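# Breakdown of the fold
What follows is each chain in one-letter form.
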Amino acid sequence: MMGKGGEDYGKQEVSSSKMSAPEVFPAWGREVQECEKHYGVSRRSGLSSSDVEKRRKIYGLNELENHEGPSIWSLILEQFQDTLVRILLVAAVISFVLAWYDGEEGGETEITAFVEPLVIFLILIVNAIVGVWQENNAEKALEALKEIQSEQAAVIRNNKRIPNLPAKELVPGDIVELKVGDKVPADMRVVELISSTLRLEQGSLTGESEAVNKTNKAVPEDADIQGKRCMVFAGTTVVNGNCICLVTQTGMETEIGKVHTQIHVASQSEEDTPLKKKLNEFGEALTMIIGVVCALVWLINVKYFLDWEYVDGWPSNFKFSFEKCTYYFEIAVALAVAAIPEGLPAVITTCLALGTRKMAQKNALVRKLPSVETLGCTTVICSDKTGTLTTNQMAVAKLVAMGSRAGALRHFRVDGTTYSPFDGKIHDWPCGRMDANLQMIAKISAVCNDAGVAQSEHKYVANGMPTEAALKVLVEKMGPPAVDDDRSFSSSGDLLRCCQRWNENDRRIATLEFDRDRKSMGVIVNSHSGKKSLLVKGAVENLLERSNSIQLLDGSVVALGDNSRSLILQALHEMSSDALRCLGFAYKDELPDFATYDGDENHPAHGLLLNPANYSSIERNLTFVGLVGLRDPPRTEVRQAIEDCRAAGIRVMVITGDNKNTAEAICHEIGVFGPNEDIRSKSLTGKEFMELRDQKAYLRQNGGLLFSRAEPRHKQEIVRLLKEDGEVVAMTGDGVNDAPALKLADIGIAMGIAGTEVAKEASDMVLADDNFSTIVAAVGEGRSIYNNMKAFIRYMISSNIGEVASIFLTAALGIPEGLIPVQLLWVNLVTDGPPATALGFNPPDRDIMKKPPRRSDDSLISAWILFRYLVIGLYVGIATVGVFVIWYTQSSFLGIDLSGDGHTLVTYAQLADWGQCSSWENFTISPFTAGTQVFTFNDNPCDYFRGGKVKATTLSLSVLVAIEMFNSLNALSEDGSLLVMPPWVNPWLLVAMSVSFGLHFLILYVPILAQVFGIVPLSLNEWLLVLAVAFPVILIDEILKLVGRCTSGFQTSSTRKSLKPKSE
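So, how was this worked out
Residues numbered from 1 in each chain as written. Predicted model: local features only at pLDDT ≥ 70, side-chain atom pairs only at ≥ 80, totals over all residues. Heavy atoms only, no water. Buried < 20%, exposed > 50% of the residue type's maximum accessible area, 1.4 Å probe, protein only. Helix = DSSP H or I, 4+ residues; strand = E, 2+ residues; numbered from the N terminus. Pairing = 2+ DSSP bridges. Phe/Tyr/Trp six-rings, centres within 6.5 Å; stacked < 30°, edge-to-face > 60°. Lys NZ or Arg CZ within 6 Å of the ring centre and 35° of its normal. Patch = residues over 30% accessible without salt bridge, like charges linked within 9 Å, V, L, I, M, F, W, Y side chains within 5 Å. Areas by Shrake-Rupley, 256 points an atom, 1.4 Å probe, with all protein chains shown as cover. Salt bridge = Lys/Arg side-chain N within 4 Å of Asp/Glu carboxyl O. Axes fitted to C-alpha atoms, helices over the stretch in contact; angles between N-to-C directions. UniProt positions renumbered as here; feature names shortened; annotations may be inferred. Expected span 1.5 Å × (residues − 1). Left-handed = near helix turned anticlockwise from the far one by under 90°. Contact = heavy atoms within 4.5 Å. Nonpolar A, V, L, I, M, F, W, Y, C, P; charged D, E, K, R; others polar. Core = buried A, V, L, I, M, F, W, Y, C linked by side-chain atoms within 4.5 Å. Disulfide = S-S within 2.5 Å.

### Some words on the pairing of strand β11 (residues 314–320)
The buried fraction of β11 amounts to zero of the seven residues, a small share that puts the element mostly on the outside. Note: strand β10 (residues 306–311) against β11, five bridges, orientation antiparallel. Bridge pairing in β11 links V311 to W314. Counted along the chain from β10 to the antiparallel partner β11, the turn is two residues long, and its residue D312 has a positive phi close to 55 degrees.

### A few points about the packing of aromatic side chains
Using the criterion set out here, one finds 26 aromatic pairs in the structure. Considering the side-chain rings of W920 and F945, the 6.0 Å spacing of their centres and the 90 degrees angle between planes classify their relative orientation as edge-to-face. With W920 in the loop between α34 (908–912) and β33 (928–930) and F945 in the loop between β34 (933–935) and α35 (950–970), this residue pair connects regions lying 25 residues apart in the sequence. The class for F945 is buried, based on a relative accessible area of 1%. An aromatic cluster of three or more residues is present, and its members are F884, W887, Y888, W920, F923, F928, F935, F937, Y944 and F945. We note R199 situated over the ring of F514; from NZ or CZ to the ring centre the distance is 4.5 Å. Sitting above the plane of the W28 ring, K228 keeps its charged end 4.0 Å from the centroid.

### Considerations on a nonpolar patch on the surface
On the surface, V292, L296, L299 and I300 cluster together into a nonpolar patch covering about 350 Å² of accessible area. Residue position: L296 is located in helix α10 (residues 274–305).

### Digging into the sheet that holds strand β26 (residues 683–685)
Reading across from one edge, β12-β30-β29-β28-β13-β25-β27-β26 is the order of the eight strands in this open sheet, with mixed pairing throughout. Edge positions in the open sheet fall to β12 (364–366) and β26, since each of these has one partner strand only. The mean angle between the axes of side-by-side strands here comes to 20 degrees, regardless of whether they run parallel or antiparallel. The pairing of strand β28 (residues 729–733) with strand β29 (residues 747–751) spans four bridges and is parallel. What sits directly across from T732, in β29, is I749.

### Re the environment of P1007
Inspection of the secondary structure puts P1007 in helix α37 (residues 1007–1013). In the structure, P1007 is positioned 76 residues away from G931 in sequence and 10.0 Å away in space, judged by C-alpha atoms.

### Brief notes about the pattern of salt bridges
Inspection of the entire model under this criterion finds 37 salt bridges. D725 is the partner of R700 in a salt bridge, and the nearest nitrogen-oxygen pair spans 2.7 Å. One end of the pair, R700, is in the loop between α26 (695–699) and β27 (705–708); the other, D725, is in the loop between α27 (712–724) and β28, with 25 residues separating them in the sequence. Judged by its relative accessible area of 22%, D725 falls in the partly exposed class. Among the ionic pairs, D901 bridges to K951, the shortest N-O distance being 3.1 Å. With a gap of 50 residues between them, D901 in the loop between β32 (896–897) and α34 and K951 in helix α35 connect regions that are remote in the sequence. K951 matches D901 in its accessibility class, with the two residues each being buried.

### Quick notes on the UniProt feature "transmembrane region" (unreviewed entry) in the chain
On the UniProt side, "transmembrane region" (unreviewed entry) is annotated at positions that read residues 83–101, 113–133, 285–306, 326–354, 860–888, 988–1016 and 1023–1044 here. Along residues 285–306 the backbone is 95% helical and 5% strand, and the end-to-end C-alpha distance reaches 30 Å. With 95% helix and 0% strand, the stretch residues 1023–1044 has end C-alpha atoms that lie 33 Å from each other.

### Examining α35
Spanning 21 residues, α35 covers 30 Å between terminal C-alpha atoms, matching the ideal 30 Å at 1.5 Å per step. Of all 21 residues in α35, 21 are buried, a share of seventy percent or more.

### Concerning the packing of helix α31 (residues 821–831) against helix α36 (residues 987–1005)
To characterise two packed helices, one gives the angle between the axes of the helices and the distance between these axes. Look at α31 against α36: their axes get within 10 Å of each other, and the N-to-C directions meet at 145 degrees. Of the two possible hands of crossing, α31 and α36 adopt the one that is right-handed. Residue-level inspection shows W826, V830 and T831 of α31 in contact with α36, the latter providing S996, L999 and I1003. Across the contact of α31 with α36, the residue classes tally to four nonpolar, two polar and no charged.

### Digging into the sheet that holds strand β5 (residues 199–201)
The strand order across the open sheet formed by three strands is β6-β5-β8, and the pairing between neighbours is antiparallel. Lying at the two open borders of the sheet, with one neighbouring strand each, are β6 (212–213) and β8 (237–240). As paired strands, β5 and β8 are joined by three bridges and run antiparallel to one another. Residue L200 lies in a different strand from β8, and its bridge partner there is V238.

### Let's talk about the nonpolar core
Ranked by internal contacts, the top residues of the largest apolar core, which has 146 residues, are F772, F792 and Y888. For this core, the element with the most residues is helix α30 (residues 772–813), which contributes 16 residues.

### Re the state of the cysteines
The full count for this structure, using the stated rule, is one disulfide. One disulfide in the model links C917 with C942; its S-S distance is 1.9 Å. Across the disulfide from C917 to C942, rotation about the S-S bond amounts to roughly -95 degrees, and the bridge is consequently left-handed. Residue C917 is located in the loop between α34 and β33, and its partner C942 is located in the loop between β34 and α35; the two are separated by 25 residues in the primary sequence.

### Thoughts on unusual backbone geometry
If you check the backbone angles, N363 has positive phi at about 75 degrees while not being a glycine. Inspection of the secondary structure assignment puts N363 in the loop between α12 (344–361) and β12. For N363, a relative accessible area of 32% puts it in the partly exposed group. If you check the backbone angles, N922 has positive phi at about 50 degrees while not being a glycine. Here N922 is to be found in the loop between α34 and β33. A relative accessible area of 77% means that N922 is categorised as exposed.

So this is what it looks like as structure tokens:
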């Protein structure tokens, strides 16, 4: 249950076919008898079979609903919502129809014409398959949640105990027995404790760092989930004790059911990543540009396919040439193909995949590819405390022992953050053997203890209560008992060998279990000498009340005076202020009732142990020996990571289910807050935050924020408000309670070691080492990847602008078409692909984590960059069309002889008016050679402008490829000169350029490929012409970069001014 604030929230999204359940009854706020009356049940007899049937009709089965995911067809259709994809689809369909129409003429054109639409269709199919596969993974978090549910339950029905009833058959009102190790099958009210104490591990649901004591006493009705001490929740585990409970909520009405609903709702509202939004915007702009350019091409060339005469001032006698019309329609299609960077989706996927490999090496496992890029623009990290900022392993931080006289205490600082006995040491520890007082502390810690520590793979794990495991680790750091023989000790290979020795020296014969009234646990031990003693550990104040003496350093015992008592309480207060959990130690040697007791059930003293009410009287007149302060310590590397976040302009917010004091102390220690910072306005409980009037204004505060006692809905609300405010939110979590917020955040980050499967399935990224600093390293990697993606997006887009300019100039000048669609497709997909991918390997800037995060609404391409690439694109257009014109009209260019193949020269006027060739008189064309082929035009000289343009087309295509290779060098840096950032800073780019040139040579010099692409081999002189025309693109961009650098100082200062209000 969630308190009144959570009831409606949990229910409002649950759509169910069952009958509507009655209003929620606040069982946690009512006494046991009232609960039994409300549910019409007695804890002794349970429900009758008829009651069970009636209730099942109302409440249904105790299981989580199956939310229907989107159908495969709707997922496929969704992939075609993208603007770029739609343009490509239209272009492919039109190409196919035109190819079909042209196919009636037969021959070579048929092969070439069909290659283009088929390749475009293939790209779209692959793109859709990848998209559907990624979408399909989204619903797995809900399946993982079902794994947490209990399979069976021990239930009382019809006055009989059913030991293994399937948990899904439970209904509200059922009476269930729970024992140690059981998984709770439903949300239930504790009605009776069978053991003296009951503890549950519910951290995965509530975020609490330690097991929680449960009671059957009512709590206030408005208690939050952590405050409901008389409720046990589905999916949590009993770690200590056994009890009888009354089922209050089942299925989707349980806390875990509400989490299930929240995950489902969050998955429905997943948004596009910042990059996808940018590319969609770019696609829409591109659609408009293509539309305008296509319209212009048609308007410029309308005179070629539509002719009319004016009669009486009105146009009439229209003449329409269908052949010419389809020719210009093909040009419009070529424009669409030229304008769209078809290779972009493939290159982005490749770059992101390479990024995930780099991140995996840094222990960040990316589950969804786009998250790599989103990480780069993260502005807020909302981190869980337990297990992410801290180790989620209890450790002793301070040990306070008695001094040499009554008014003196000794303080020892203990290092270590894990359960490893070899992690850290005790500062100022006495050399040689321990004194009697320290020996007694070690003995009580080791023997009055039910926990253990084991090594699992490369880490140490606790078995039993974390606080007790931490005490055993402390004993190992303290060293062996003084009575031990060194030789025999060192031969023991046990991990907890000091504890083992203490337990061998003092054998436990009876246990006085912990209970919440006396707040202590005691053991009666039998030493080698046969002397019985009582060892006790528990709450310091309670032990002091029951103690009448203290043990000094040398083992002597003196009366516990007021001075010593206040000194010990002062030490306790100081440790509690530092959010340490304190435990005291005491012992008693005089045990007349147990002098001859050895665990025998027939001994008179055994009867005293059967009744927990006697424990307080047995634990009287104790001798107090010392105390320890424990905590879930912060990870050592977290402080530096938070400083790195601050330098990178990323705010850190800590959202935890733990209590306020503990969380504040940890936040001070790791640097979320300054050491003396006033945090009254920066630290709230989840409930206090929800009651604020202006929550967004609170979240806009500079610096770190802390939310303690947070419930799942609080986490979701914080993430939602931050996203509404334009922040890009990364959220970490490991528990079931974190899953909805992980799903809702831009980047959900789950813990790999401590994380539940539910959290992992709801996340975008999993930390293999559960470490906050790994997130910061991943953000740096994400920024680097985004910068590299910008580089290749700019490169590919500039290439496309060049292709559009080339086709537009061809159409505007009226010369034959220089580049056909299939060639443009080859350049966009194959030739541009390797250099664009290689730009993804650009080394990161050194100051990448010193800059503020880019805003998610920052443009992918600034106005200046766009202008630069329009200039470059215009040059590409002029160069590709220019080399076409040069071959037809010039015998040499820049001293390069072009007459070697014997082709006939024409004037520019003839070339621009080639459509009227059939009306020219005495127009003859000589044969020319290309490789081993000879082209003759005796039958139809006008074919020189159609079939005969093959050499000029090859020159245009080669110039386009060469310019794009040189242009990839320009893209190495946005503003840096090639003199400062030479090509070899990214050797992969040089390899990629070689591959692209190699592929171009392949289609030029392999006859069957040359035929498909409509090109011919080039001579050495023609290659020199290609390089001479292509190289100036580097010089032009160097001049533009120089202008950019000169003006960037002014732009940067104005940008800083515009960003200032946001950060303030």
